[in-house]
Amino acid sequence: MALINCPECDTSISDKAPSCPKCGVVLIKKDPDRRNKTQNMGCLIVVIGMVVMGVTPLPSVGAFVFGLGFLVLIVGLIIY
Ligand SMILES: [Zn+2]
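**Let's talk about the overall build of the protein**
Looking only at helices and strands, one finds two helices and two strands in the protein. Overall, the protein shows an N-to-C arrangement of helices and strands of β-β-α-α. Residue burial in the protein is summarised as follows: out of 80 residues, 22% are buried. At a minimum sequence separation of 6, the contacts of the protein that also span at least 24 residues come to 23%. Just so you have it, the protein exposes about 5,900 Å², and 68% of that area is on carbon and sulfur atoms.

This is the structure we're talking about:
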């Protein structure tokens with residue numbers, strides 16, 4: 001558990017605290033796992049797309065899944 005300084009009153013507070021116990025300011029934290037989760041999901045769909053392309057008699061279906069996964073990956077990289 002680390003201590004951070006409140007952006008409003010500069011009090012040392014826990015980085016796990018949802019709000020400052022002194023001035024009550026809500027600490028909006030970015031979820032550090034969010035970016036990785038989205039990118040991992042994109043990677044996973046890309047892999048699934050490649051597998052589907054390898055096993056399906058309809059390569060266009062695999063290409064579609066691959067494209068979808070690639071799109072998710074790019075969106076994950078840009079938005080977060
Ligand atoms: Zn404060």
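**Observations regarding the coordination of the zinc ion**
Surrounding the zinc ion are the protein donor atoms Cys6 (SG), Cys9 (SG), Cys20 (SG) and Cys23 (SG), at 2.2 to 2.3 Å. Positions of the donor residues of the zinc ion, expressed as sequence spacing, correspond to C-x2-C-x10-C-x2-C. Exposure remark for cysteine 6: the relative accessible area of 2% places this residue in the buried category. Note on cysteine 9: relative accessible area 26%, which makes it partly exposed.

**Observations regarding the nonpolar core**
Counting five residues, the largest nonpolar core is built from Cys6, Ile13, Cys20, Val25 and Leu27. Sequence-distant contacts of leucine 27, that is, excluding residues within four places in its chain, are made with Ile4, Pro7, Ile13, Ala17, Pro18, Ser19 and Cys20.

**What about the pattern of salt bridges?**
Counted according to the given criterion, the structure contains one salt bridge. Where lysine 16 meets aspartate 15, a salt bridge forms, and the shortest distance between an N and an O atom there is 3.8 Å.

**Side note on the side chain of serine 14**
Counting through the fold element by element, serine 14 comes out in strand β2 (residues 12–14). A distance of 2.9 Å separates the side chain of serine 14 from the backbone nitrogen of lysine 16, its partner in a polar contact.

**Section: the confidence of the model for the protein**
The share of residues in the protein with pLDDT of 70 or more is 89%, and the mean pLDDT across the chain is 80. Confidence, read as mean pLDDT per element, is least for helix α1 (residues 32–55) in the protein (76) and greatest for β2 (92).

**Describing a nonpolar patch on the surface**
Together, Phe70, Leu71, Ile74, Val75, Leu77, Ile78 and Ile79 make up an exposed nonpolar region whose accessible area comes to about 670 Å². Taking the relative accessible area as the measure of exposure, phenylalanine 70 reaches 43% and is therefore partly exposed.

**Digging into the environment of aspartate 10**
Position of aspartate 10 among the secondary structure elements: in the loop between β1 (3–5) and β2. Using a relative accessible area of 54% as the deciding quantity, one classes aspartate 10 as exposed. Residues aspartate 10 and cysteine 23 lie 13 residues apart in sequence; the distance between their C-alpha atoms is 9.7 Å.

What counts and what doesn't
- Residues numbered from 1 in each chain as written.
- Predicted model: local features only at pLDDT ≥ 70, side-chain atom pairs only at ≥ 80, totals over all residues.
- Heavy atoms only, no water.
- Helix = DSSP H or I, 4+ residues; strand = E, 2+ residues; numbered from the N terminus.
- Buried < 20%, exposed > 50% of the residue type's maximum accessible area, 1.4 Å probe, protein only.
- Contact = heavy atoms within 4.5 Å.
- Areas by Shrake-Rupley, 256 points an atom, 1.4 Å probe, with all protein chains shown as cover.
- Donors = N, O, S within 2.8 Å, 3.2 Å for Na, K, Ca; no water.
- Core = buried A, V, L, I, M, F, W, Y, C linked by side-chain atoms within 4.5 Å.
- Salt bridge = Lys/Arg side-chain N within 4 Å of Asp/Glu carboxyl O.
- Polar contact = N/O pair within 3.5 Å; in protein donor to acceptor, adjacent residues only side chain to side chain.
- pLDDT = per-residue confidence, 0-100.
- Patch = residues over 30% accessible without salt bridge, like charges linked within 9 Å, V, L, I, M, F, W, Y side chains within 5 Å.

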